[in-house]
Structure formats: structure tokens, C-alpha cells
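The chain contents come next:
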Amino acid sequence: MIKNKTLRIHSHKFSPAHYNSLQAILLNKEIVRIASLSLSKDYYNFDSSLAMLRADSDVGEVNIHLNSSIKTLLLSVVAKVRGKKNILFLHEPIKCISKKMSAYPNFIDKARLVLIKVVNDVLCMLSDQLIVFSQNSYLNTPERFVKKTRQLCLPFEDGYLDISNGLKKVKSNKITISYIGTVASDHAFCEFVQWAT
């Protein structure tokens, strides 16, 4: 992890999946010691313990953006103007928009997808580093951003965690498989179920 820098973790779109990703990242004790959070208020309403790391919405020396949004875009511009670093967790890179268009039959969804592509591309340009979590995401990263892209493992603990007495691993003979994301035609959920079974 980056030493002697103020890390600020940003997430301005709340969903249980985004919350779970944040919790997984915060399992890293080194990050907890040096990070502050700039999150949508829904995160703090959902988990009041996050308030102890709460910061204002201003940028830090290194800004880790957990997801794309218009607010993320504005903060990335402010960080760049101030000479600060941006790191973007790129969950769904879009290399070829025409392939994704076929998964969205109506015009409004297609227009939304184009807006997402534009925002993601601008965020990628403003970022000093992109982080993807799967080989598929890495392969879908547009060529012009590949040089600054790193593929990392998902930041989750392996095995079953018992949270009733703090985070502790529980031995089990069960195989646990996680699917992170919403069930959508372009998220390959059916293919995931086929693979898992």
C-alpha cells in the first residue's frame, strides 16, 4: 500500500454490493490506519460504524474511487487540478459498446449505457491507475488504458466469516462461491450459475 500518503476512499453510489466491497477492502488493517472515507450518506445510515472514518467530500492526496458516478467524475477533475492521485476500481470496463448494446432492448437503456461509457472513459483518462478484479474485466479494458491497469484478486477473505464475535474464520467443508454484481443479462449470471453447478 502507498506509505506516507493520505488515502481517501470515495463511493457516491450506494448498493449492498458496493458496501460489501468497501467492507472487504477495510479488512486490510493497513488501509484502516491511514484511510478516510467520503461516502454517500446511505453508507453511514446503513452502517453507523463507518462514521469514525468519515471525512468531508474534499479530495485526499490519493483518492481511491470504488465506483463510477458523476460525483466521482467531478472529484477526479478536482483531484487532477490540485495535483492529487486518482485510483479507480473499474468494475465493468466497456471495450466494445456495440456488443453490450444488444443486451439492452429499449432506447433509454441504450442511452444510459452510452452515458456510462463516456463517464467511464473520462474517469479512466483522469486516473493514475485502474484496478480490475477479473481476467474478463482486464480483457474488456479499452486498449488505450491497459498500460495503467492492474488486475488484482477480489479483496475478500476466503471461507466463511462469522461476524457474531468479530470477523473470524470458521472451518467448513462447504464450498463457498460468491457472485458480486446484479443479476443482469450482460453480467453473465446464467453462465456463472452453469459454471458453479
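Note: the structure precedes this text.
Residues numbered from 1 in each chain as written. Predicted model: local features only at pLDDT ≥ 70, side-chain atom pairs only at ≥ 80, totals over all residues. Heavy atoms only, no water.

1. With respect to the packing of helix 4 (residues 70-81) against helix 6 (residues 107-126)
- The contact between helix 4 and helix 6 brings their axes to 10 Å, and the two run at 25°. Relative to helix 6, the element helix 4 lies roughly parallel. Along this stretch, helix 4 crosses helix 6, giving a crossing that reads as left-handed. Here I70, T72, L73, S76, V77 and K80 of helix 4 lie close against helix 6, whose contacting residues are V119, V122, L123 and L126.
- Looking at the contact of helix 4 with helix 6 residue by residue, the class counts come to seven nonpolar, two polar and one charged. (Axes fitted to C-alpha atoms, helices over the stretch in contact; angles between N-to-C directions. Helix = DSSP H or I, 4+ residues; strand = E, 2+ residues; numbered from the N terminus. Parallel < 35°, antiparallel > 145°, perpendicular 65-115°, else oblique. Left-handed = near helix turned anticlockwise from the far one by under 90°. Contact = heavy atoms within 4.5 Å. Nonpolar A, V, L, I, M, F, W, Y, C, P; charged D, E, K, R; others polar.)

2. Some points on the nonpolar core
- If you look at the biggest cluster of nonpolar residues, it comprises 20 residues, and the most contacted ones within it are I9, L22, L37 and L50.
- If you list the elements that add at least two residues to this core, you get strand 1 (7-11), helix 1 (16-26), strand 2 (35-39), helix 3 (41-46), strand 3 (62-65) and strand 4 (85-89).
- Top element by residues in this core is helix 1. It accounts for four residues.
- Those residues in contact with L37, other than ones at most four positions away along the chain, are I9, L22, L26, Y44, L50, L53, R54 and A55. (Core = buried A, V, L, I, M, F, W, Y, C linked by side-chain atoms within 4.5 Å. Buried < 20%, exposed > 50% of the residue type's maximum accessible area, 1.4 Å probe, protein only.)

3. Describing the side chain of H65
- For H65, the position within the fold is in strand 3.
- Of the polar contacts made by the side chain of H65, one reaches the side chain of S76; its length is 3.4 Å.
- Once residues lying within four places of it in the same chain are set aside, the contact partners of H65 are H10, T72, L75, S76, N86, I87, L88 and F89. (Polar contact = N/O pair within 3.5 Å; in protein donor to acceptor, adjacent residues only side chain to side chain.)

4. Comments concerning the environment of V132
- Examined against the element boundaries, V132 turns out to sit in strand 5 (residues 129-132).
- V132 sits in the buried class, given a relative accessible area of 0%.
- Along the chain, V132 and H91 lie 41 residues apart, while their C-alpha atoms are 6.2 Å from each other.
- The contacts of V132, once residues within four sequence positions are left out, are L90, P93, S137, Y138, T141, T149, R150, Q151 and L152.

5. Here we look at the sheet that holds strand 2
- Pairing is parallel in the open sheet, where six strands are placed in the order 2-1-3-4-5-6. A single partner strand is all that each edge strand has here, and the edge strands are strand 2 and strand 6 (149-151). In this sheet, neighbouring strand axes are inclined to one another by 25° on average, regardless of whether the strands run parallel or antiparallel.
- Bridge analysis of strand 1 against strand 3 gives four bridges, and the strand direction is parallel. Each residue of the ladder has a partner; that of L7, found in strand 3, is V62.
- Running at roughly 165° to strand 3, helix 4 makes contact with strand 1, strand 3 and strand 4 of the sheet. (Pairing = 2+ DSSP bridges.)

Geometric values such as these leave the question of function open.
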